[in-house]
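Here is how the chains run, residue by residue.
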Amino acid sequence: MKFCYEITGGDFSAGGSASSQVKKTLKQFNIAPQVLRRIAVALYEAEMNVVAHAWRGSMCVNINVDHLSVVVEDEGPGIEDIERAMEEGFSTATEEVRQMGFGAGMGLPNIRKNSDEMELTSTPGIGTRLTLTIRF
Amino acid sequence: MKQMNVQQLNQLIPGTILLEGHASTLYTKAFASDLMSDVLRFQMEQTVLVTGLCTIQVLRTAEMSNITCIIFARGKRVSPDMLALAEEHHITLIESALTLFEISGRLYQGGLEPVYR
């Protein structure tokens, strides 16, 4: 079962609505609450990254028998140095993002912590692609 | 481990209960932060969030982390769209004029525990 959602860059009031939809859908399945929280947190962090940094993006989730696969793609400034972006505490977030309670450089490390597989690729000036696998 | 419902924990502050989610939920822990990125890092079941940040993203963070009770400190006022989202997800909202420090102190004294030691 595959679902896709659009994400609008800079729209902080709608930020999180895609992840919310996925969580709602997954609640219908027999998934352990702890796993559901890991999925929701990973997706929400990824969605807020698009809202905070990119111009537009999408989140596609594929629900399989024993795992969830996720692709979050955006058009945006991309990430210059992925290794550095993965470090805890490193952030390029704006003051606006920080005022919303984010931008502390914990997002990507937290996505890695909450997923079983994570792959991040980016072309500066073009955009970023994040793929995740989370087992049920 | 001490457990308390919304009414019991609000007696420790006391604040204004704007909205009561699931009345039967029992809380054992509290986490105080204005940084949602940190809230998202820990297991938050049966945990009360105390925060001075008052934006829609606090509600989203709670929803994703399975947090069902939020106390807003320092006299922050909840907006109608925050209230609507809280209603949808059965999240209890409490407003208090006290500082984050004082609310945390009262909850700690009342027996709630940190999310980790």
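What counts and how
Just so you know, the residues in each chain are numbered from 1, in the order the chain's sequence is written. Chain letters and ligand numbers both follow the written order, the letters beginning at A and the numbers at 1. For a predicted model such as this one, the threshold for reporting local features is a pLDDT of at least 70, and the threshold for listing and counting side-chain atom pairs is 80 or more; totals across whole chains, interfaces and linings nevertheless cover every residue. The nonpolar core criterion groups buried Ala, Val, Leu, Ile, Met, Phe, Trp, Tyr and Cys residues into a set whenever they are joined through C-beta atoms within 7 Å. Each residue is classed by its C-beta neighbour count within 10 Å, where at least 20 other C-beta atoms makes it buried, 12 or fewer makes it exposed, and intermediate counts make it partly exposed; the C-beta atoms are placed from backbone geometry. Numbering of helices and strands starts at the N terminus; helices are DSSP runs of H or I of at least 4 residues and strands are runs of E of at least 2. DSSP-based pairing: two strands are paired if at least 2 bridges between them are found. Interaxial angle, 0 to 180 degrees, is taken between N-to-C directions of lines fitted to C-alpha atoms, where a helix line uses only the stretch in contact. The contact criterion used is a C-beta to C-beta distance within 7 Å, with each C-beta placed from the backbone. Gly counts as polar in this scheme, as do all residues outside two lists: the nonpolar Ala, Val, Leu, Ile, Met, Phe, Trp, Tyr, Cys and Pro, and the charged Asp, Glu, Lys and Arg.

Here we look at the nonpolar core
Among the nonpolar cores identified, the biggest contains 64 residues, and Ala42(A), Leu43(A), Val48(B), Leu49(B), Val50(B), Ile70(B) and Ile71(B) are the most heavily contacted of them. With twelve residues, the single largest contributor to this core is helix α2 (residues 33-53) of chain A.

Brief notes about the sheet that holds strand β2 (residues 29-32) of chain B
All names here are of chain B. As summarised here, the arrangement of the five strands in space is β1-β5-β4-β3-β2, forming an open sheet in which the pairing is mixed. The open sheet has two edge strands, β1 (16-19) and β2, and neither has a second partner. For this sheet, the mean angle separating the axes of adjacent strands, direction not counted, is 25°.

Examining unusual backbone geometry
Residue and element names in this part refer to chain B. Despite not being glycine, Gln-46 has its phi angle at roughly 60°, a positive value. Residue placement: Gln-46 occurs in the loop between α2 (36-39) and β3 (47-51). With 20 C-beta atoms counted inside 10 Å, the residue Gln-46 sits in the buried group. Look at Asn-66: it is not a glycine, yet its phi comes out positive at around 60°. Within the element layout of this structure, Asn-66 appears in the loop between α3 (56-65) and β4 (69-72). Under the C-beta neighbour-count criterion, Asn-66 is labelled partly exposed, with 19 such atoms within 10 Å.

Section: the interface of chain B and chain A
Counting from both sides, the interface comprises 17 residues of chain B and, opposite them, 20 residues of chain A. The set of elements that each furnish at least two residues to the side of chain B that touches chain A consists of α2 and α3 of chain B. With seven residues, α3(B) is the single largest residue contributor to the side of chain B that touches chain A. Its residues assigned to classes, the side of chain B that touches chain A comprises seven nonpolar, five polar and five charged.

Structural notes on the sheet that holds strand β3 (residues 67-75) of chain A
Residue and element names in this part refer to chain A. An order of β1-β2-β3-β5-β4 is seen for the five strands of this open sheet, with the pairing classed as antiparallel. Since the sheet does not close on itself, it has two edges, and those belong to β1 (2-8) and β4 (117-123), each with one partner. For this sheet, the mean angle separating the axes of adjacent strands, direction not counted, is 10°. Both β1 and strand β2 (residues 56-63) contribute to a ladder of seven bridges, which runs antiparallel. If you follow Tyr-5 over to β2, its bridge partner there is Met-59. Sheet strands touched by helix α1 (residues 17-26): β1 and β2. Its angle to β1, the strand with the most contacts, is close to 160°.

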